Amino acid sequence: MSVSSHRNVLELLTLGLIFHVVFIASVFDCYFTSPVVHGMPPRKAGPGEAKRVVLIVGDGLRADLLFNVNAFSFIPSSPKIVAPYLRDIVQTRGAFGLSHTRVPTESRPGHVAIIGGMYEDVSAVTKGWKTNPVHFDSIFNQSSHTFSFGSPDILPMFAQGATPGKVDTWSYDEEDEDFTKGTKTNRIDATALDTWVLDQLQTLFQNASSNDLLDSELRADKVVFFLHLLGLDTTGHSYRPHSKEYMNNIQVVDHIVRRTEELFSDFYHDEETSFIFTADHGMSKIGNHGDGDPDNTRTPLIAWGRGIRGPLPDIIPSSHDEYSRPWQLDDFMRRDVEQADLAPLMAALLGINYPVNSVGILPDADPTRPGYLLPREGESALARLALANAESILEHYQVKHESKAAQTILYKPFGPLEEVSQDGKLLRVSWLSKIERLISNGRWFEARRETAELIKVTLQGLRYLETYNRVLIRIIVMIAYLGWSAYASLSIFPPPASLVSDRQRTVVRIATATILAIFWALFAAERAPWTFYVYVTFPCYFWQQFALRGVPIAVQQFKSSDRRGHFIGRVLFHLVIVVVVLQCMVAAYTHRSLWSIGFLTMGFLWPYASWPSHVRSQHLRLLLSWMSSCLITGVFPLLSVNKREDLYMIMCGGAMILAVGAGCARLASNGASKDAKLSVIIQALFILLAMTITASSVKSLQAKQGLSTINQTSAWLILAVSSIYPFISKAQHNTPTSRIASLFLGFGVCFVILSISVEGLFYAAFTCNLLLWIEVEAIVQSKRASAASQNQGCYEFQTDDIRIALFFLFFVQVAFFGTGNVASISSFYLEPVYRLVPIFNPFLMAALLIFKIVAPYVILSAVFATLNARLHLPPFSLFLVALTLTDGMTMAFFLNVTDTGSWLEIGQSISFFCITSLLLVWSAGICTAGEYLMVDTLVFHRSTDSRKLE
């Protein structure tokens, strides 16, 4: 039949968008439910060893660059030991090791793990890692008082939800977080953020001499001081960690630690202070963090002072590995912990309650692993501290267990804790009783060993409860995605000659309603989230429609086929090809070279495998251009995603954008209006101005002179005007190429100002490849185009449409992955953003990066709309074919999502699924935008019955 009306297409797209946006939440309901529950009674961590704890966090500090000997040997006159005071602590009176973080390696999740002992609720990402999505307990809340100094991005989240008046905060202004400026001493302003913290601490102690209330609060027991030093993170983003600036900032932090200890010694004149120095996350070599790169997840940990067990000799087998050999600390034991373990450690030092939401394990709970504590009461105190830690986590488990048991029909409890022991008690009760008896009998080692095992099993129980509904959700989600593909396919096939009978229709509807009612009743009984009701509704509707409309189509096609075996074989063959191609795209997310192989397949294998020989011979020049274009564009995915700012390549990209724009304008010049020619000249001037301003800004920023107001304002002005110019210009574009050239030049400014290296070259090559794709398809599909023209643009599905749809999906992916791995947070570069936003503003910076990512899709949208017109097909006809294929990738990524394994695997699995889930949103937006952008040009083009792009 003819293609669906615009109204039907709009309804299909709207339903598809709603479905895919809603089902993005399924990955969180299935894999990442909130760890926070309430109702647990707190457990006190013993009598305490110190009156106060000082927590110092060097935000963004890499462990290797702090500990390594000659870590900055590539810098002339660099010191052998970059942090001598901290190293002296390690060697003479402290304990050290690594604190292993989890993804996302961002500041908020890292601090939540350190101070709250829990791993961040992933819903916090929607709040920008700032606002608490749920309230959680923390060390600060359990202290008698907390004095905190540092970034306005970090401190408020621990004051919010805490007991009123318990947490005092001193923060500098956000405007002080300037990423770009330097001083005459070559020390970047970010170090001022750290020295500001030290100054505020010194002022606090000075004020206590004239404020009795403050003095009494400072001298009370169970007080926490939190010093958040943001300078290293800012410096690392600006100049990358292997830089003189980062080295200088480490030296500043080392000085601050020394002065902090002196201030406490001078004020208190006692030995009742414990110090903990660590980092919330590390820093990749390109100056970013967020994913599971080992340099992001390994942070330093140094503890010293009251209650801390000092240096210990190394053991056999050694606690060191190849990573820590360059530290030259082989004689001392390296004591590694998980980041969340720091919260129970601080609770034990102060003698306060363990945070009720904490899943951290006291480092000294396991007697086979020497920890950090040296309690006054010796081994007996360690055993009791460990038991309290186990009881706290067990309370956490019990609340979740009781909640799940009350809500779940046919609930199966976690056997290792809920089975009945020989004495008639639950295993967890008997286990606690056994540990208490061991402690009473003075068998401290055995008690700690049993406690460590109980904690391990309890955490497994928490994991069991958090994943209890996972299988059911997976099944529902997979059936839903398959149902959507089946439902979407109805739009590209003709309706059946004979409709289903009323009786059959009634049976299908009753069956659907029954299934839906059963699931809704189950969810109601289990008090499931409202999203579960929505998840099951979509597949029921999709499969009902396919049963009523799709099954008759399949039966009709099968009966009308002369060779039914051949028909089935052909369907299976195309299905296998589609699955293989889509899974290759899935694999390309982690193996970027597959995108290059895809270009080679399109450029070389496809023409020689599918084109008729006379087409190749008659259009040899076009064939060679297509092959060359695929070959050149296919080079970019082979380039490393780790790039350094390269002004020469940026300028080359700008020049190539000008060259391609001029070439397109020349092709479209025949019959072009004077306004169109003038428009090209104006847009070319925008590119030249952007290149000039960018060159000036890059040189200024690299010289640490900051960003001048003139450059910043000019860059914003040119970016804004050039981006909207193609949409407000009154120039008449008589050909699609002229319109595409205008769009290409308009967004070319973005690929000058916001590029770090070769992105401009990729943008130019990608656009040329798309323009040639139009010409190639027009030649290959010439017979079809003629027939469609004679049939007034009527659409009839052909198997070759599957290939075109796969090509389209391939270009959608390459627009993302051409020059960087968007699914990895570490491949975002901030250097280009500083040319517009020198002050830290995460949302504005993210918006600029997204704008740069979207720019190639403007060209792709115009090209795809033009391709439909060149083949004389109705709008959206080819996209409807692609619509049925998109979720082949989505299902694969959904099943590959993991919350275990390396942090890199966890972070990337989430990103991959979200990106592919939004693929329909992108694709539909591309087609809609393309039809809108090209509507006037294509109407004019069709009215002249033109067969050529130029």
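Owing to the predicted nature of the structure, the values given are computational and were not obtained by experimental measurement. Think of each chain on its own: its residues are numbered from 1, step by step along the sequence as written. In keeping with the predicted nature of the model, local features appear solely for residues at pLDDT of at least 70, side-chain atom pairs appear and are counted solely at 80 or more, and the whole-chain, interface and lining totals rest on all residues. The side-chain values count all of the structure's non-hydrogen atoms but skip hydrogen atoms and water molecules.

## Looking at the overall build of the protein chain
Secondary structure summary: the protein chain contains 36 helices and 8 strands in total. In the protein chain, which comprises 950 residues, the proportion classed as buried is 58%. Should any heavy atoms of two residues lie within 4.5 Å, those residues are considered in contact. Considering only intrachain contacts with a sequence separation of at least 6, the fraction spanning at least 24 residues in the protein chain is 80%. For the protein chain, the accessible surface area stands at approximately 38,100 Å², while carbon and sulfur atoms represent 59% of it. Every helix listed is a DSSP run of H or I at least four residues long, and every strand listed is a run of E at least two residues long, numbered separately from the N terminus. Each residue is placed in one exposure class: buried if its accessible area under a 1.4 Å probe, protein chains only, is under 20% of its type's maximum, exposed if it is over 50%, and partly exposed if it falls in between. Areas reported here follow the Shrake-Rupley algorithm with a probe of radius 1.4 Å; residue values treat only the protein chains shown as occluding.

## Things to note about helix 3 (residues 84–92)
For an α-helix, 3.6 residues make a turn, and residues three or four places apart therefore share a direction. Residues of helix 3 that are buried: Tyr85, Leu86, Arg87, Ile89 and Val90. On its buried face, helix 3 sits against helix 2 (63–67), strand 2 (94–100), helix 10 (244–268), strand 6 (273–278) and strand 7 (298–305).

## Considerations on the sheet that holds strand 2
Any two strands between which DSSP finds at least two bridges are classified as paired. Judged by pairing direction, the sheet is mixed, and its 8 strands sit side by side in the order 4-3-5-1-6-7-2-8 without closing on themselves. One side of each edge strand has no neighbouring strand; the edge strands of this open sheet are strand 4 (167–171) and strand 8 (337–338). In this sheet, strand 5 (residues 223–229) lies alongside strand 1 (residues 52–58) in parallel orientation, the contact comprising 7 bridges. From the neighbouring strand, Val57 faces strand 5, where its bridge partner is His228.

## Some remarks on the pattern of salt bridges
Salt bridges are defined as contacts in which a side-chain nitrogen from Lys or Arg sits within 4 Å of a carboxyl oxygen from Asp or Glu. This structure, assessed with the given rule, holds 25 salt bridges. Across the pair Arg43 and Glu395 runs a salt bridge whose closest N-O atoms are separated by 2.6 Å. Here Arg43 is found in the loop between helix 1 (6–31) and strand 1, whereas its partner Glu395 is found in helix 13 (residues 379–407), with 352 residues between them in sequence. Judged by its relative accessible area of 27%, Arg43 is partly exposed.

## Re helix 26 (residues 709–728)
In this scheme, a helix's expected span is set at 1.5 Å multiplied by one less than its residue total. For helix 26, built from 20 residues, the straight-helix expectation of 28 Å at 1.5 Å per residue is met to within 8% by its first-to-last C-alpha distance of 27 Å. Burial in helix 26 covers these residues: Asn711, Ala715, Ile718, Leu719, Ser722, Ser723, Tyr725 and Pro726.

## Some points on the nonpolar core
Throughout this description, the term nonpolar core refers to a set of buried Ala, Val, Leu, Ile, Met, Phe, Trp, Tyr and Cys residues connected via side-chain atoms within 4.5 Å. One finds Trp773, Phe808, Phe811 and Phe879 to be the most contacted residues of the largest nonpolar core, which totals 145 residues. Excluding residues that lie within four positions of it along the chain, Phe808 makes contacts with Trp773, Leu860, Phe864, Phe879, Ala882, Ser923, Ile926 and Cys927.

## Side note on the environment of Ile439
If you trace the backbone, Ile439 turns up in helix 15 (residues 427–440). Residue Ile439 is classed as buried on the basis of its relative accessible area of 8%. Remark: the alpha-carbon pair of Ile439 and Ser380, spanning 59 residues in sequence, is separated by 7.3 Å. Beyond its immediate chain neighbours, meaning those up to four positions away, Ile439 contacts Ala383, Arg384, Leu387, Trp444 and Ala447.

## Description of empty space enclosed by the protein
Within this scheme a cavity is a closed region of a 1 Å grid, computed over the protein atoms alone, that accommodates a 1.4 Å probe without allowing it to escape, whereas a pocket is open but has protein on both sides within 12 Å along at least five of seven lines; lining residues each have an atom within 4 Å of a point. Grid points are joined across faces, edges and corners, and a volume is the space filled by probe spheres set on the points. In the structure shown here, the tally under the stated rule is 6 cavities of 30 Å³ or more. Every residue lining the second largest cavity is listed: Leu66, Phe67, Asn68, Ile81, Val82, Ala83, Leu86, Arg87, Val90, Ile302 and Leu329. For the lining of the second largest cavity, the secondary structure elements donating two or more residues are helix 2 and helix 3. Per element, the largest residue contribution to the lining of the second largest cavity is 3 residues, and it comes from helix 3. The residue makeup of the lining of the second largest cavity, split by class, is 9 nonpolar, 1 polar and 1 charged. Basically, the charged four are Asp, Glu, Lys and Arg, the nonpolar ten are Ala, Val, Leu, Ile, Met, Phe, Trp, Tyr, Cys and Pro, and anything else, Gly included, counts as polar.

## Concerning the pairing of strand 6
Taken across its 6 residues, strand 6 has 6 buried, putting it largely inside the fold. Both faces of strand 6 are covered, namely the face carrying Thr273, Phe275 and Phe277 and the face carrying Ser274, Ile276 and Thr278. Summarising the sheet, strand 1 and strand 6 pair through 6 bridges and their orientation is parallel. Its bridge partner lying in strand 6, Val54 is registered against Phe275. Two strands pair when backbone bridges link them, and strand 6 and strand 7 are joined in this way by 5 bridges, in the antiparallel orientation. Bridge assignment links Thr278 to a residue of strand 7, and that residue is Leu301.

## Thoughts on the environment of Ala343
Considering the arrangement of structural elements, one finds Ala343 in helix 12 (residues 342–350). On the basis of relative accessibility, which here comes to 0%, the residue Ala343 falls in the buried class. Along the primary structure Ala343 and Ile114 are separated by 229 residues, whereas in three dimensions their C-alpha atoms are 5.6 Å apart. Apart from residues no more than four positions distant in its own chain, Ala343 is found in contact with Ala113, Ile114, Ile115, Gly116, Gly117 and Ile139.

## Comments concerning unusual backbone geometry
Residue Pro317 follows Ile316 across a cis peptide bond; omega there is 0°. Positive phi, close to 60°, is recorded for Ser77, a residue that is not glycine. Unlike most non-glycine residues, Lys222 shows phi in positive territory, near 60°. Counting through the fold element by element, Lys222 comes out in the loop between helix 8 (212–218) and strand 5. A residue is classified by how much of its surface remains accessible, and Lys222, at 25% relative accessible area, is partly exposed.

Worth remembering: the numbers are spatial, not functional.
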